[in-house]
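Spelled out from the first residue to the last, the chains are:
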Amino acid sequence: LSICLNDEHYVSPSGQTPHQLWMKLCDICSTHPECVVNSASIDFDAIIRSGIAKFSDEVGRLWNSLADYFIRLGQFERARDVYEEAINSVTTVRDFSIVFDAYVKVEESILTAKIRLLQQQRQEGDDHTDGEDIDATNISESTADINMRLARIEFLMDKRPLLLNSVVLRQNPHNVHEWHKRAKLFKEGNNAIFSNKENDSSKDNVDDSEDEETKKLKEKNLQKAILTYVEAVKTVDPKICTGKLSGLWLALASIYEKKGDLENARFTMSKATEVNYKTVEELANVWCGWAEMEMRHDEFERALQIMQQAATEPTMSARRRKARAVAQGKGHEDEVAAALQEGGVVTADRLHKNTKVWSLYLDLEESLGTVESCRAAYDRVIELKAASAQMCLNYATFLEERNYFEDSFRVYEKAVSLFIFPQVKPIWLAYLDKFIARYSGTKLERLRDLFEQAVSAVPQEDAAEFYIKYAKAEEQFGLARHAVVIYDRATKAVPPGKRLDMYRLYAKKVEQFFGVTKSRPVYEKAVKELDDESSKLLCLEFAEMERRLGEVDRARAILQFGSQFSDPRRDGFYWKAWREFEEQHGNEDTFRDMLRVQRSVETAFSQVNYLASEMMAGEHLDVLEEANMATDLDAMSRYAELEALDRVQKQALIDAAPKETLLAAGQKRKAVDAQMILDQLNPEKKLSRLDEKKETVVNAEELDI
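Residues numbered from 1 in each chain as written. Predicted model: local features only at pLDDT ≥ 70, side-chain atom pairs only at ≥ 80, totals over all residues. Heavy atoms only, no water.

S.K.: Explanation requested: the overall build of the chain in the structure shown.
M.R.: Regarding its fold elements, the chain presents 36 helices and 0 strands. Residues classed as buried in the chain amount to 40% of the 705 residues present. A separation of at least 24 residues holds for 59% of the contacts in the chain among residues at least 6 apart in sequence. Accessible surface, the chain as shown: approximately 39800 Å² in total, 52% of it carbon and sulfur. (Helix = DSSP H or I, 4+ residues; strand = E, 2+ residues; numbered from the N terminus. Buried < 20%, exposed > 50% of the residue type's maximum accessible area, 1.4 Å probe, protein only. Contact = heavy atoms within 4.5 Å. Areas by Shrake-Rupley, 256 points an atom, 1.4 Å probe, with all protein chains shown as cover.)

This is the structure:
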């Protein structure tokens, strides 16, 4: 096999690949190591190592074969060295798991064999009393060896998370999360020595010497964590790292801060600010973390100076900006060359426009600086267009508290020009409220200009709030006629879902200012422009208004108009309202007309399908409505009166007309009308009657010619 593998042109007769031949050679050599040792032409160690370099997907298996080779030769220490080398060199978690599990299994096997040997020695010592000193010496040596091997296994198992972390970092040394995990393992004392010391101190009485030893161990682990972070910030490339590199610098400075070593913490922060991070947010986190560290130690002036430095545009950035302007034909070529020699754009060039940096800086200026310095800082951030909406509101409030009212209004003017909706919404609301509170109605034209400017760009979802505020300002300080016009404009600006409520408010305001009759055009316009669902609801309100005015015919016409949008199967409330209206203000003919319209609408909607939930809700409402009517004695008495009146009128018509032409038609019509009213009162009897007859339904409008 060795000769065949050394021949690059060899082709296996059985069709085996070179990879399979390699694995077969490794298995044979590890299974029969004595033959390999006696053969001078085979160097198994070199073969395995060349295979490890050649087959990256079988690294763990090849390392185990090499260790198994030495184990079968009885060279356990050399096998242990192989396992240690493999654990510290593999680059995948899969290979690490294969090697580590085999390593632990070998150690446990050796430990089990040693324990059995010790038990045999104790039995032999009990059987033979001679040579007690020799047996005792052997037993003590075996016990010490077992304890050492047991401690080695415990140390290996406790060390596993750290070894696994090393494997992941060898695979990707720019993984920030794994560096944090490694430092955390050291800070928590996740190693065998520290855990053993803690267990010993928990069992025995703690004295001063043990406390000192524990402190030394903790200090040692903390120092390991510091060294881990130092190695991390030297290793990780900020442009290709996974995670935020700034977190490593901040964690390192935090360790120094907790130790009370502020000088090293400040030095770490200073070095962290010089790194060219992937994003400007990371650099902003470093500067803000430095300032917050100073504030935790009551160094407020130093924190203010740090944030001033962060918010200042660097000289290099100004030169690069000038170079870009020159490159566009706004300068001389020598200035271009001098500026471009400074290098490309870095993260620090954009730091002075970062919102987080300015937010902390402005907070410190308001607390520690003067009015002039604070105003200069706010003006600078607005000039850079790095201000947020909340910064502008804070600036305006800051000026207002110091009685700079017009200056605060200028800030609002700048802010509304910088932002768009929805960010500008709180600025507009605060601006309008402050202006009204300051000037009331003394500067009405200016107030109208502000409102017109606000509603000109407001989106539909926010239009209702601004138009209502505008109209209320007109009601309070201006003219009612202008307020009504604003409400009319609002009905077109709001989204369709809010249009019905806006028309209702519009009608109420017109009724309040100009009387009930003036609200008719509003209702008429609303019924024409709204959708079907909203129109039928508004028709009920329109009809109720006409009924209060005594305009019964107008109210009936409105109800008839709205009925074309109301399916009796689903909108039972509409027909119930119309029925109650006819009961109070109608007669037999109007009631019959209402029933005829209801049948016509029901026929028109017969081909319309609804969701099951909507149908169930509509049927439930109709059943309750009819049941209530059937149990209502007043309604039954009113229908009885209508039926009696019908009989009297029909009898009078029969007496006045020739009997041969009207007798049959009159009797049939009267029977049909009476049955119609009874069917309205008792729907269950109507269904049972139809089931019994199983005939064609009689048309109530049919005439016997």
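There is more to say, and it comes next.
S.K.: Sorry if this is basic, but what is going on with the confidence of the model for the chain here?
M.R.: Reading fine detail from the predicted coordinates is not recommended where pLDDT is low. For the chain, mean pLDDT is 77; residues scoring 70 or higher make up 74% of the total. Here residues 611-642 scores under 50 on pLDDT; set against residues more than four positions off or in separate chains, the count is 31 contacts. This model gives residues 693-703 a pLDDT under 50, and the stretch forms 11 contacts once residues within four places in sequence are excluded. (pLDDT = per-residue confidence, 0-100.)

S.K.: How should I be thinking about the nonpolar core in this particular structure?
M.R.: Considering soluble globular proteins, one finds that nonpolar side chains tend to be buried as a cluster. Counting 130 residues, the largest nonpolar core has Leu248, Met307, Trp358, Ile427, Trp428 and Phe466 as the members making the most contacts within it. Excluding its chain neighbours within four sequence positions, the residues that come into contact with tryptophan 358 are Ala311, His352, Lys353, Ala377, Arg380, Val381, Leu384, Ala386 and Met391. Counting residues in hydrophobic clusters, the runner-up holds 34 residues, among them Met23, Cys26, Val82 and Ala86. (Core = buried A, V, L, I, M, F, W, Y, C linked by side-chain atoms within 4.5 Å.)

S.K.: What's the story with the environment of serine 359 in this structure? I'm lost.
M.R.: Mapped onto the secondary structure, serine 359 falls in helix H19 (residues 355-368). Sequence-wise, serine 359 and serine 388 are 29 residues apart; in three dimensions their C-alpha atoms are separated by 8.8 Å.

S.K.: Sorry, what's going on with the pattern of salt bridges here?
M.R.: Oppositely charged side chains may form a pair once their charged atoms are brought near each other. For the structure on display, the rule yields 41 salt bridges. Two residues, glutamate 401 and arginine 402, come together in a salt bridge whose shortest N-O distance is 3.6 Å. One connected set of salt bridges, linked through shared partners, spans Glu263, Arg266, Glu294 and Arg302. (Salt bridge = Lys/Arg side-chain N within 4 Å of Asp/Glu carboxyl O.)

S.K.: I'm lost on helix H26 (residues 480-493) in this one. Help?
M.R.: In an α-helix, one full turn covers 3.6 residues, which means residues spaced three or four apart are oriented alike. When the terminal C-alpha atoms of H26 are compared, their 20 Å separation across 14 residues agrees well with the 20 Å that a helix rising 1.5 Å per residue should span. Every buried residue of H26 is accounted for by Ala483, Val484, Ile486, Tyr487, Asp488, Ala490, Thr491 and Ala493. Elements that come into contact with the buried residues of H26 comprise helix H25 (460-477), helix H27 (496-514) and helix H28 (520-529). (Expected span 1.5 Å × (residues − 1).)

S.K.: Looking at this structure, how should I read the packing of helix H21 (residues 389-401) against helix H22 (residues 405-418)?
M.R.: Two quantities define a packed helix pair, namely the angle between the helix axes and the distance between the axes. One way to put it is that H21 packs onto H22 with a least axis distance of 8 Å and a crossing angle of 170°. As judged from the angle between their axes, H21 and H22 are roughly antiparallel. Across the interface between the two elements, Cys392, Leu393, Tyr395, Ala396, Leu399 and Glu400 of H21 pack against Phe405, Asp407, Ser408, Val411, Tyr412 and Ala415 of H22. (Axes fitted to C-alpha atoms, helices over the stretch in contact; angles between N-to-C directions. Parallel < 35°, antiparallel > 145°, perpendicular 65-115°, else oblique.)

S.K.: What exactly am I supposed to notice about the packing of helix H30 (residues 552-563) against helix H31 (residues 572-585) here?
M.R.: Running from amino to carboxyl end, H30 crosses H31 at an angle of 155°, the nearest separation of the two axes being 11 Å. The angle between the axes of H30 and H31 places the two elements in the roughly antiparallel class. Crossing of H30 against H31: the hand is left-handed. On the side of H30, the interface is formed by Val552, Ala555, Arg556, Ile558, Leu559, Gln560, Gly562 and Ser563, while H31 contributes Tyr574, Trp575, Trp578, Phe581, Glu582 and His585. Split into classes, the residues belonging to the contact of H30 with H31 amount to 8 nonpolar, 4 polar and 2 charged. (Left-handed = near helix turned anticlockwise from the far one by under 90°. Nonpolar A, V, L, I, M, F, W, Y, C, P; charged D, E, K, R; others polar.)

S.K.: Sorry, what's going on with unusual backbone geometry here?
M.R.: When glycine is set aside, most residues are seen to have a negative phi, and most peptide bonds are trans. Phenylalanine 421 connects to proline 422 through a cis peptide bond whose omega is 5°. Summarising the element assignment, proline 422 is placed in the loop between H22 and helix H23 (425-439). The backbone of aspartate 298 sits at a positive phi, close to 65°, despite the residue not being glycine. Of note in the backbone geometry, lysine 385 takes a positive phi value of approximately 60° without being a glycine. Among the secondary structure elements, lysine 385 is positioned in the loop between helix H20 (371-383) and H21. Assessed through its relative accessible area of 68%, lysine 385 is described here as exposed.

S.K.: In this structure, what is going on with the packing of aromatic side chains? I would like to understand it.
M.R.: Two numbers describe a pair of aromatic rings. These are the distance of the centres and the angle of the planes. For the structure shown, the criterion picks out 19 aromatic pairs. Ring centres 5.1 Å apart and planes at 15° place the aromatic pair tyrosine 412 and tyrosine 431 in the stacked group. Of the two residues, tyrosine 412 sits in helix H22 while tyrosine 431 sits in helix H23, which places them 19 residues apart along the sequence. Judged by its relative accessible area of 0%, tyrosine 431 falls in the buried class. With a centroid separation of 5.7 Å and 85° between ring planes, the pair formed by phenylalanine 421 and phenylalanine 466 is classed as edge-to-face. Of the two residues, phenylalanine 421 is situated in the loop between H22 and H23 and phenylalanine 466 in helix H25; the sequence distance between them amounts to 45 residues. Look at phenylalanine 421 and you get buried, because its relative accessible area is 14%. Feature note: the residues Phe409, Tyr412, Trp428, Tyr431, Phe435 and Tyr439 constitute an aromatic cluster, connected by ring pairs. The ring of phenylalanine 405 has arginine 438 lying over it, and the distance from NZ or CZ to the ring centre is 4.0 Å. The ring of tyrosine 439 has arginine 438 lying over it, and the distance from NZ or CZ to the ring centre is 5.8 Å. (Phe/Tyr/Trp six-rings, centres within 6.5 Å; stacked < 30°, edge-to-face > 60°. Lys NZ or Arg CZ within 6 Å of the ring centre and 35° of its normal.)

S.K.: So what exactly am I meant to see when it comes to helix H10 (residues 176-187) here?
M.R.: Here H10 spans 17 Å end to end across 12 residues, near enough to the 16 Å set by a 1.5 Å rise per residue. In this structure asparagine 175 caps H10, since a side-chain oxygen of it lies 3.2 Å from the backbone nitrogen of histidine 177. (Polar contact = N/O pair within 3.5 Å; in protein donor to acceptor, adjacent residues only side chain to side chain.)

S.K.: Can you help me understand the side chain of arginine 80 in this one?
M.R.: Mapped onto the secondary structure, arginine 80 falls in helix H6 (residues 76-87). Look past the residues within four positions of arginine 80 in its chain and what remains in contact with it is Tyr103, Glu107, Arg149 and Arg152.

S.K.: Please clarify how the environment of serine 388 should be interpreted in this entry.
M.R.: Along the polypeptide, serine 388 turns up in the loop between H20 and H21. For serine 388, a relative accessible area of 22% translates into the label partly exposed. Taking the C-alpha atoms as reference points, serine 388 and tryptophan 358, 30 residues apart in sequence, are found 9.6 Å from one another. Setting aside residues no more than four positions away along its own chain, serine 388 makes contact with Thr355 and Phe419.

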